[in-house]
Amino acid sequence: MDAQGYKWVRWRVWLCHVVAVLSLGVLLIVFRWRPRLALFARCRPCPLGLADLVLIRDNCGIFHVVEVLTEELEEGSLELLGDTETTEWRDTVELYQEKKTLLRYYLFEGLRFIWLDRKATFCLASVLNEDWTCKDLHGYKNGLSHLEQNFRRQVYGPNVIDVPVKSYFKLLIEEVLNPFYVFQLFSMVLWTVDEYYYYSTSIFLISLISIGISLYEIRKQRVILHNMARLVTNVTVIRTSGDKRVLSEQENVSSMELVPGDCICLPKNGLLMPCDAALLAGECLINEGMLTGESVPVLKTPLLDSENIYNSAAERKHTLFCGTQLIRAKGGGLGDFGAVAVVTGTGFFTAKGNLISSILYPQPTSFRFYRDAAKFLVILGFLACIGTIYSFVILSNYDMSWFSVVIRVLDIITIVVPPALPAAITVGTIYAQNRLKRQGIFCISPPRINVCGKVSLFCFDKTGTLTEEGLDVWGVMEARSAGFSDVVSDPRLLPPGPMLSCLACCHTLALLEGQPIGDPLELKMFKSTGWTLQEPEEDSGVLDAEFGGHKVLAVMKHPPSLLPFHLNSSGAPVAIVQRFPFSSALQRMSVVTVACGGRSAIAFMKGSPEMVASLCRQETVPPQFSKKLCRFSSEGLRVLALSYKSMDTSTDLRATERGEVEKDMQFLGLLMMKNLVKPESADVICTLSLAKLRTVMVTGDNIRTAVNVAQSCGMVRADERVIFVEAAARTAQTRPMLRFTLEDQEGTLVTAQALYQTHFGYHLAINGSSFAVLCDHFPEHLPKVLMRTTVFARMAPDQKTQLVKELQKLNYLVGMCGDGANDCGALRAADAGISLSEAEASIASPFTSKTQNISCVPLLIREGRCSLVTAFSLFRYMAVYSMIQFCSVLILYTVSTNLADLQFLFIDVALVTLLAIVMGKGGPSEKLSPYRPPANLMALPVLGSLFIHISMIILAQLTVLFITTSQDWYIPLNSTVFGTANLPNMDNTSVFSLSGFQYIFMAVVVTKGLPHKKRIYHNVIFLCLLLVLFAVMTCLVLYPGPFFIKIMQLYDFADLNFKMLLVALAALNFLVCFVVEMLIDVGVLNYLHCLCPKRSSKKKFKHLNSILCDPSVPSWPPLNQTLYSSEYTAVGIN
């Protein structure tokens, strides 16, 4: 984000005030639309440190102007941050010979940016605590003093996510000053001056109703968002008595007063978290459904006292997020309170603040359709200029005042550039959003619906998305000196020992109302052992004493059994005294347990087989490890490895660091779990494949398991092969290397010649570590690998986000579907991210589906395509409507007349507005087409069809005028008067009659049906309206009646044959336009491309695909060859 400082210039400000008064406020309206222009007019550039206003250019290239605010800091507060920080945001001014310290800051999108003198720029207030280590957070366990707290509150601001709810009057002013309504107001004034009273009054009433509905909806949504965002409660904080940080007392304060560094006491029975906080002591059971959509409660454990920089995403298992529900807290050792945490984020700097900010300030959608729409408005503006010049030339020949000429000329602008155009193209999106909501899909960014219609690639998470969330234990294998044992299908059949104890203890489950809850995988694993879980009573040291005085978190009890090898076992319980939760980045979790009396202590670890094996002593890992892992993973099983080691009971086990526990382990064996593919997954993948939408799997699971699931759900067909991409980073002895390996069904290598001679299709599969090496050392191969890779396995959350961005660099419009847990970043980075969640709005993505399978994906794409096609149809219709009226008015100007007041009203309200509203109501096609709808308004078929239709319309209107004037009974117009003074007349009535039919039948011509929308007869309301309007228009032409003749100022033709000729001419015009549109739809205009040399696609992925499919290009990938990074090739010696 770029920022530039500006300072007020007094004489410029006064000059702008004078010009604003002289222009009757027009200058202020222009300044409102263009704040940057207002800044340049009233201010001069200056250093940021002296700025009164700041011009911000955000990441999307949009400019914003914000005011710099100041706040006087309390005396002595500067010393609280130490010498290194006192100069960072100090700004002293001499005022009445007294120095005052001012904090200079501005607010942008809810976030507070403060001036840091050392960095010479405005930075987020959170920069003051971004370098906090875990050890620093533990240093705040005694709390802040009142002086420290007051000072930090001035710097960080109040802890509240405030969504302002504006009054109806203020909303009205803002809405009326919208360019659309300003143009409407200008048009109404113009029509009133031109004596079109009925028309201007009707448009005023319609605009008033529209504004009223808009204001009600805006305020209603703001109130809902305000109530959802604002959370104020009372919390208990720890306060120190002075600089020595001696624990003095607990104080009950409002959550609005919380600041980063505050130490809060969490009640045992829970609360709704008012801030982000790192857990220091105790354990908390949290429901994070509001943020991630995960309905399963999560156990949070204390943050380790280490020198690592604290990061809420990396330390997610130790962080309590704002807006999440604390169900229970225990083990904090604070009497009536269950846990202790230190505040790390407040207000908009929290996870909930991030969600609210994404709703309040959505990222603008860079979509070609919207860009082309703006360009098309410029074209219409150019046509308006031509029309005004022609009108001026025509009108100057009449005896009219200059004022009347100007009014008539400006009237042309209101006709050519329809003010309702921007609103009209959103009609389809509104209908689509409502249909999606009825299907359980919620959207917080409606413009993304149209983007969904152009998605060309969809990424899917595996577990919980393509496969069932729950897992069933398939079997376990113990590691022995001679190799692995046989598979034991039921863990309860295992003899007592480390393997059984590891299965029963290595988890983070908790008890809620007597039932174990937690991660579904751990729950299945624990229940398969038959053991029971017991948690210690709060502040009861009975269990601690029973286990040698260690602080007990949970106790695992062996069930009574009659199995022969269990008869002599003591069945002694095991206590968990330390937990290190699972981390996606680390791919493992571990616990430390002690036996009764504290006689022995054992650490258990489980995680991905590759990671666990790397942390075990190599002599304990069976030689068949890789082969067994490959076999079980290829069968689609979820494989976990288990390990253990003895710990020294004389040390403080709770203070032991994770790195010390998770090393030099002894390999125990493998746990295999069956993860079934959801029944809907295969059908959806097949549907997307038939629609030529590329599908990709992105998972944290083993690569062989992922490949098996990809084969099961149809991403990889039975007749296609999988090539594994293996890349290794540079070591002391070797350079970075890359290798493409293909194995046949028996596991033997296949040569490149054997593969390419058989002409089999292939897919690449790569894991996270190889992907990282590929990005860092083989950028020349990355695009090709991305083009052919279907399975991305062992991907960390940040790698998923990186993958989406790399695919977007190839000009893919990327969709992403996941559960919103560890793929939150990827969902938000994608062009169309959809989270499978129970929540209506999720921090994870712009779309949220309550349907817990991927059947929502084709539905979303179908609605996106339908919405995009509808937007295209409405845009073309509004453009054609403006050109029909434009041509009618210019033709009638030429013959000294114009349309009547009620004729304009009938056309714009009864015909165009009603048709435009119901035109977009048609639903999506039931089947996904292999072809995506176009998004280019400047394409030859679009511009070509508009040009041909407008030409046919002009030709028809000129024809009807010439036919009318050639009749024997034709009465010429009075050339001495102009406009409505010449009404009624034959020329006006004939042109109005034909144009009325043109408005109706062009709605039929531009409305598209298959393959992306249902056929027109499925839109019953639209069809009925067409029939009614056609009947009304026919009556006005054939049998108008004296009442309509009078109020609409029509000429009553006595010749019925002539009236029938008008209807027949309209029918012929419709037939020609309809046939032309059909020919364009089948691609007739595309043959014009043959006249010019064929251009390659601008999309990089299409260009790459053509290269990879070109038989003249050497076969790629090079199989079973080791490639080395070119950056390490010697090119010369100096």
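The rules behind the values
- Residues numbered from 1 in each chain as written.
- Predicted model: local features only at pLDDT ≥ 70, side-chain atom pairs only at ≥ 80, totals over all residues.
- Heavy atoms only, no water.
- Phe/Tyr/Trp six-rings, centres within 6.5 Å; stacked < 30°, edge-to-face > 60°.
- Helix = DSSP H or I, 4+ residues; strand = E, 2+ residues; numbered from the N terminus.
- Buried < 20%, exposed > 50% of the residue type's maximum accessible area, 1.4 Å probe, protein only.
- Pairing = 2+ DSSP bridges.
- Axes fitted to C-alpha atoms, helices over the stretch in contact; angles between N-to-C directions.
- Contact = heavy atoms within 4.5 Å.

1. With respect to the packing of aromatic side chains
Turning to step 1, where the next piece is worked out: The tally for this structure, following the rule as stated, stands at 29 aromatic pairs.
Turning to step 2, where the next piece is worked out: Considering the side-chain rings of Phe376 and Phe875, the 5.0 Å spacing of their centres and the 75 degrees angle between planes classify their relative orientation as edge-to-face. Highlighted residues: Phe376 in helix 12 (residues 368-395) and Phe875 in helix 30 (residues 856-894), separated in sequence by 499 residues.
Turning to step 3, where the next piece is worked out: Look at Phe376 and you get buried, because its relative accessible area is 6%.
Turning to step 4, where the next piece is worked out: Members of the aromatic cluster, each reached through a chain of ring pairs, are Tyr106, Phe113, Trp115 and Phe122.

2. Remarks on helix 6 (residues 146-156)
Turning to step 1, where the next piece is worked out: Taken together, the buried positions of helix 6 are Glu148, Gln149, Phe151, Arg152, Gln154, Val155 and Tyr156.
Turning to step 2, where the next piece is worked out: Looking one or two places after helix 6, you find Gly157, whose phi comes out positive at around 85 degrees.

3. Considering the pairing of strand 33 (residues 694-698)
Turning to step 1, where the next piece is worked out: Burial within strand 33 is extensive, with five of its five residues counted as buried.
Turning to step 2, where the next piece is worked out: In terms of strand pairing, strand 21 (residues 457-460) meets strand 33 through four bridges, oriented parallel. By the bridge assignment, Cys459 is partnered in strand 33 with Val696.
Turning to step 3, where the next piece is worked out: Relative to strand 37 (residues 789-793), strand 33 runs parallel, the two sharing two bridges. Bridge assignment links Met697 to a residue of strand 37, and that residue is Val791.

4. Quick word on the pairing of strand 29 (residues 588-595)
Both faces of the sheet carry side chains from a regular strand, because those side chains alternate between them.
Turning to step 1, where the next piece is worked out: Burial analysis of strand 29 places eight of its eight residues in the buried class, which makes it a mostly covered element.
Turning to step 2, where the next piece is worked out: Side chains of strand 29 alternate between two faces, with Arg588, Ser590, Val592 and Val594 and Met589, Val591, Thr593 and Ala595 buried alike.
Turning to step 3, where the next piece is worked out: The pairing of strand 28 (residues 574-583) with strand 29 spans seven bridges and is classified as antiparallel. Looking at the pairing, Phe580 lines up with Ser590 of strand 29.
Turning to step 4, where the next piece is worked out: In textbook terms, the turn of a hairpin is the stretch between consecutive antiparallel strands, and for strand 28 and strand 29 this stretch comprises four residues, one of which, Gln587, has a positive phi near 60 degrees.
Turning to step 5, where the next piece is worked out: Note: strand 29 against strand 30 (residues 601-607), seven bridges, orientation antiparallel. By the bridge assignment for strand 30, Ser590 is matched with Met605.
Turning to step 6, where the next piece is worked out: Counted between consecutive antiparallel strands, the loop separating strand 29 from strand 30 contains five residues, among which Gly597 sits at a positive phi close to 80 degrees.

5. Focus: the sheet that holds strand 39 (residues 832-836)
By way of backbone hydrogen bonds, the strands of a sheet pair with one another, either parallel or antiparallel.
Turning to step 1, where the next piece is worked out: Taken in spatial order, the eleven strands make up an open sheet running 20-40-39-38-21-33-37-36-34-35-41, and their pairing is mixed. Strand pairing shows two members of the sheet lacking a second neighbour, strand 20 (441-443) and strand 41 (1122-1124), which therefore form its edges. In this sheet, neighbouring strand axes are inclined to one another by 20 degrees on average, regardless of whether the strands run parallel or antiparallel.
Turning to step 2, where the next piece is worked out: Summarising the sheet, strand 39 and strand 40 (residues 847-849) pair through three bridges and their orientation is parallel. Bridging across to strand 40, Leu836 finds its partner in Ser849.
Turning to step 3, where the next piece is worked out: Against the sheet, helix 26 (residues 768-777) makes contact with strand 34 (720-728), strand 35 (737-742), strand 36 (761-767) and strand 37, and its axis sits at roughly 95 degrees relative to strand 36, the strand it touches most.

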